[in-house]
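Residue-level listing of the chains:
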Amino acid sequence: MTPGIVNPQASHERARSTMMAWRVHEFGPPEVMKLEHVPRPEPGPGEVLVKVEAAGVGPWDGWIRAGKSALPQPLPLTLGSDLSGEVVGVGPGVTDLRVGDQVYGVTNSRFVGAYAEYALASAGMVSNKPASLTHVEAASVPVIAATAWQALFDQAQLKEGQKVVIHGAAGNVGSYAVQLARRAGLQTIATAAAHDIPLVRDLGADAVIDYRAQRFEEQVREADAVIDLVGGETQSRSFEVLRRGGKLISAVSHPDQYLATRHSVEARFFLVNVTNRYLMQIARLVDAGKLRTKVGAVLPLAGAREAHLMLERVRPQPKGKIVLKVTSS
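The rules behind the values
- Residues numbered from 1 in each chain as written.
- Predicted model: local features only at pLDDT ≥ 70, side-chain atom pairs only at ≥ 80, totals over all residues.
- Heavy atoms only, no water.
- Helix = DSSP H or I, 4+ residues; strand = E, 2+ residues; numbered from the N terminus.
- Contact = heavy atoms within 4.5 Å.
- Pairing = 2+ DSSP bridges.
- Axes fitted to C-alpha atoms, helices over the stretch in contact; angles between N-to-C directions.
- Buried < 20%, exposed > 50% of the residue type's maximum accessible area, 1.4 Å probe, protein only.
- UniProt positions renumbered as here; feature names shortened; annotations may be inferred.
- Phe/Tyr/Trp six-rings, centres within 6.5 Å; stacked < 30°, edge-to-face > 60°.
- Lys NZ or Arg CZ within 6 Å of the ring centre and 35° of its normal.
- Salt bridge = Lys/Arg side-chain N within 4 Å of Asp/Glu carboxyl O.
- Core = buried A, V, L, I, M, F, W, Y, C linked by side-chain atoms within 4.5 Å.
- Domains from an automatic or database assignment.
- Buried area = accessible area lost by both parts, 1.4 Å probe.
- Polar contact = N/O pair within 3.5 Å; in protein donor to acceptor, adjacent residues only side chain to side chain.

- Looking at an unreviewed UniProt entry, one finds the chain named NADP-dependent oxidoreductase and attributed to Bradyrhizobium niftali.

## Points about the environment of Glu312
Then step 1. Inspection of the secondary structure assignment puts Glu312 in the loop between helix H10 (304-311) and strand E16 (321-325).
Then step 2. Those residues in contact with Glu312 that lie beyond four places of it in its chain are Pro30 and Arg65.

## Points about the sheet that holds strand E12 (residues 223-228)
Then step 1. Across the sheet, which stays open at both edges, the six strands sit in the order E11-E10-E9-E12-E13-E14 with parallel pairing between neighbours. Because the sheet does not close on itself, it has two edges, and the strands there are strand E11 (207-210) and strand E14 (266-269). This sheet shows a mean twist of 15° between the axes of neighbouring strands, independent of strand direction.
Then step 2. Direction of pairing for strand E13 (residues 242-250) relative to E14: parallel, over a ladder of four bridges. Each bridged residue has a counterpart across the sheet, and for Lys247 the counterpart in E14 is Glu266.
Then step 3. Contacts between helix H4 (residues 142-155) and the sheet are confined to strand E9 (163-166), E12, E13 and E14, with E13 contributing the most and set at about 150° to the helix.
Then step 4. Strands in contact with helix H5 (residues 172-183) are E9 and strand E10 (187-192); relative to E9, the strand with the most contacts, it is inclined by about 165°.

## Re the pairing of E16
Then step 1. Of all five residues in E16, four are buried; the element is thus mostly enclosed.
Then step 2. When strand E3 (residues 47-57) meets E16, the two strands line up antiparallel, connected through four bridges. The residue of E16 that forms the bridge with Gly56 is Val323.
Then step 3. In this sheet, E16 lies alongside strand E15 (residues 295-300) in parallel orientation, the contact comprising four bridges. When the bridges of E16 are listed, Val298 appears paired with Val323.

## Quick word on the UniProt feature "domain: Enoyl reductase (ER)" (unreviewed entry) in the chain
Then step 1. Under the UniProt annotation, "domain: Enoyl reductase (ER)" (unreviewed entry) lies at residues 28-324.
Then step 2. Between the end C-alpha atoms of residues 28-324 the distance is 21 Å, and the span holds 26% helix and 29% strand.

## Section: the packing of aromatic side chains
Then step 1. This model, assessed by the stated rule, comprises two aromatic pairs.
Then step 2. Ring geometry for Trp60 versus Phe111: centroids 6.4 Å apart, planes at 70°, classification edge-to-face. On the criterion of sequence distance, the pair formed by Trp60 in helix H2 (residues 59-66) and Phe111 in the loop between strand E6 (102-106) and strand E7 (118-122) is long-range, its members being 51 residues apart.
Then step 3. In this structure Trp60 comes out as buried when scored by relative accessible area, which is 13%.
Then step 4. Assessed through its relative accessible area of 11%, Phe111 is described here as buried.
Then step 5. Between Trp149 and Phe153, the ring centres sit 5.8 Å apart and the planes meet at 80°, which makes this aromatic pair edge-to-face. Pair noted here: Trp149 and Phe153 are both in helix H4, with a separation of four residues, about one helical turn.
Then step 6. Residue classification places Trp149 among the buried positions, given a relative accessible area of 13%.
Then step 7. By relative accessible area, Phe153 is classed as partly exposed at 23%.
Then step 8. Its guanidinium or amino end placed over the ring of Tyr118, Arg40 lies 3.9 Å from that ring's centre, counting from NZ or CZ.
Then step 9. One residue, Arg277, lies across the ring of Tyr278, its end atom 4.5 Å from the ring centre.

## Quick notes on the pattern of salt bridges
Then step 1. Scanning all chains against the criterion turns up 11 salt bridges.
Then step 2. A salt bridge links Asp202 to Arg292, with the shortest nitrogen-to-oxygen separation between them at 3.1 Å. Placement of the pair is Asp202 in helix H6 (residues 197-203) and Arg292 in the loop between helix H9 (276-287) and E15, with a sequence separation of 90 residues.
Then step 3. For Arg315, the salt bridge identified is with Glu306, shortest N-O distance 2.9 Å.
Then step 4. Judged by relative accessible area, which is 33%, Arg315 ranks as partly exposed.
Then step 5. Using a relative accessible area of 30% as the deciding quantity, one classes Glu306 as partly exposed.
Then step 6. Linked through salt bridges whose partners overlap, the residues forming this network are Arg215, Glu217, Glu233 and Arg237.

## Observations concerning the nonpolar core
Then step 1. Tyr115, Leu152, Val164, Val200 and Ile282 are the most contacted members of the largest nonpolar core, which has 82 residues in total.
Then step 2. Ranked by residue count, the leading element in this core is H4, at eight residues.
Then step 3. If you count residues domain by domain, this core takes at least three from each of domain 1 (8-140 + 293-325) and domain 2 (144-269).
Then step 4. Ranked by size, the runner-up nonpolar core spans 15 residues in total, among them Phe216, Phe239, Leu242 and Leu248.

## Details of H4
Then step 1. A large share of H4 lies buried, amounting to 12 of its 14 residues.
Then step 2. Among all positions of H4, only Pro142, Val143, Ile144, Ala145, Ala146, Thr147, Ala148, Trp149, Gln150, Ala151, Leu152 and Gln155 are buried.
Then step 3. A positive backbone phi angle near 55° is found at Gln157, which sits one or two residues after H4.

## Things to note about the domain arrangement of the chain
Then step 1. Domain parsing of the chain yields domain 1 (8-140 + 293-325) and domain 2 (144-269).
Then step 2. A separation of 30 Å is found between the C-alpha centroids of domain 1 and domain 2.
Then step 3. Facing the six residues of domain 1 at the interface are six residues of domain 2.
Then step 4. The junction of domain 1 with domain 2 conceals about 560 Å² of combined surface from both sides, 50% of it contributed by carbon and sulfur atoms.
Then step 5. In this structure, the connection of domain 1 to domain 2 is made through one salt bridge.
Then step 6. Two residues, Lys319 and Asp196, come together in a salt bridge whose shortest N-O distance is 3.5 Å.
Then step 7. Applying the counting criterion to the domain 1 and domain 2 interface returns two residue pairs in polar contact (both at pLDDT 80 or more).

Below you can see the structure in the form of structure tokens.
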């Protein structure tokens, strides 16, 4: 070929073998995020390659970016865990998923890799997308819905008729927790800001306490469990509302074990484990109209740094989950 002449086929092949992804080479504020060309990955054993249509943005993404993850996070890394898209590659040993399947879920146990045009996902951590949802809506669901489910039923092991207090009930996880608690026949007492009380009641809470105007520990006694989605002083005060042998389950921070012993209750922090078993159950409820989703801001992939500024409250954030719409179609 004549020197200086670009080979169109070679350029096309290079374009096909690379993709855009949001990378972090050093931990820090949103400014450390860089949108870069990186090699498109190939699925290994037990993995699928997903053409990402949409990626969810959650607080844990901000913790990973800032170097505050509960898990080791070797650098450099691609941010993002929640995703929805189409399977375009299947690795060895994967039998339940095929090329062309529309899936939703998370990437892997480290919660990285989804802010990209293509992402590798552990086959056991994705499932068929709820048919009634768009990809943007589906990408908003996995981590927060699975967290709510596991807090109520795996960690607190609540049964019909028991009493649960849900803090942060108007938030992303809290909204699912209230809906799931109602479906399970639990007596649900929620805390929320005054302007969110109608929303939380509509989701199914039996009682909603304005956390600014009332001290919930003066209103509630003998609860079987508290689902803590707030942390801090709210978590510490929550011991007072539990019956002996009750459970304080936090998705935010490790509870004070001295207070747990003093009040004769169990108290634990847990990390969500998103698997296709949970995703299938959640999808069935969504498609049956029994579980509502709530998307807040929708930004293009190029807007991921702006999304993190929303997480940091530097920019205003609408109520609901932030989602990156990766494809333009």
